[in-house]
Amino acid sequence: MEKIIVVLTVLFAIPLAGYAHAGFFDRYLEMMDVLYAVLKTIFVSQVLVFLFVRFSRFKITKRIRIRLLLLSKRLCKNQWVNLFAAWALSSFVLTSYWYVFSEGLFILAIIPLFIFWIVYFVVVCREKLRKRWLCGLKPIYFYLVASIGQLIVFAALFLTNMIMLYGPYNKITNYLWDVYCYRVPLGDDGGFLIAKGMFELSICLAIPYLVLVSYKAFKLLIRNNT
């Protein structure tokens, strides 16, 4: 009799637990739809900016391209500025994709987070890999252009939220609300969620640079004292 009671209790508990977590999972799916929409918009914006800078024949585009190249060269002259630029620009661009991809794996997110961090740590510590993928002239230029495309999206999302919050409610704002907003227009919208995740992951990506800078500073100190 006791076994029957235990079995019935378990059978009743399973659907109740599933029903209790159904709302949470629905909110999670809704959040992921918004994050994917923002990430796709970021990717499209970055591609368009790259194509515009690379192939546009307007004079202003040529000036922008030259200014970006000159800025990239300046960021590569000083090794300390170069390392800071490599961290700031690469983390700004890469963490948006890293965050959304990891969030999509839900509980298993810890695995890609750890693997990506280890790979990034190795790239930062190896000079040849670091210059090729992070702090060389080409990667700095690449991250600058990609950052422009990403900043355009964040600025557009912020303006969109302002319009949805204070502007007229019509078909366009209703569509933008459904695609880019999660529960409320400000504080939990897709752009804010990604920006928050990017900030947290950027701190993690700063650790390899702190280790590298500490090593270089210690090595320089020893050289000066000998």
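Now for a quick tour of the structure.

**Overview of the pattern of salt bridges**
If you walk through the whole model with that rule in mind, you get one salt bridge. E127 is the salt-bridge partner of K131, the closest N and O atoms lying 3.3 Å from each other. Of this pair, K131 and E127 both sit in helix α5 (residues 127-135), four residues apart, roughly one helical turn. Of the residues examined, K131 reaches a relative accessible area of 48% and is grouped as partly exposed. In this structure E127 comes out as partly exposed when scored by relative accessible area, which is 46%.

**Examining the side chain of T95**
Tracing the backbone through its elements, the reader meets T95 in helix α3 (residues 79-104). On the basis of relative accessibility, which here comes to 0%, the residue T95 falls in the buried class. Setting aside its immediate chain neighbours within four residues, T95 contacts S90, M198, L201, S202 and L205.

**Describing the side chain of S91**
The topology assignment puts S91 in helix α3. The class of S91 is buried, set by a relative accessible area of 2%. If we ignore the near neighbours within four places in the chain, the residues touching S91 are A86, S202 and L205.

**Let's talk about the packing of aromatic side chains**
Centre-to-centre distance and the angle between the planes together describe a pair of aromatic rings. Under the definition given, this model contains eight aromatic pairs. With 6.3 Å between their ring centres and 55 degrees between their planes, F92 and F154 make a pair best called tilted. In this pair, F92 sits in helix α3 while F154 sits in helix α6 (residues 137-166), placing the two residues 62 residues apart along the sequence. A relative accessible area of 22% means that F92 is categorised as partly exposed. Exposure remark for F154: the relative accessible area of 17% places this residue in the buried category.

Procedures and definitions
Residues numbered from 1 in each chain as written. Predicted model: local features only at pLDDT ≥ 70, side-chain atom pairs only at ≥ 80, totals over all residues. Heavy atoms only, no water. Salt bridge = Lys/Arg side-chain N within 4 Å of Asp/Glu carboxyl O. Helix = DSSP H or I, 4+ residues; strand = E, 2+ residues; numbered from the N terminus. Buried < 20%, exposed > 50% of the residue type's maximum accessible area, 1.4 Å probe, protein only. Contact = heavy atoms within 4.5 Å. Phe/Tyr/Trp six-rings, centres within 6.5 Å; stacked < 30°, edge-to-face > 60°.

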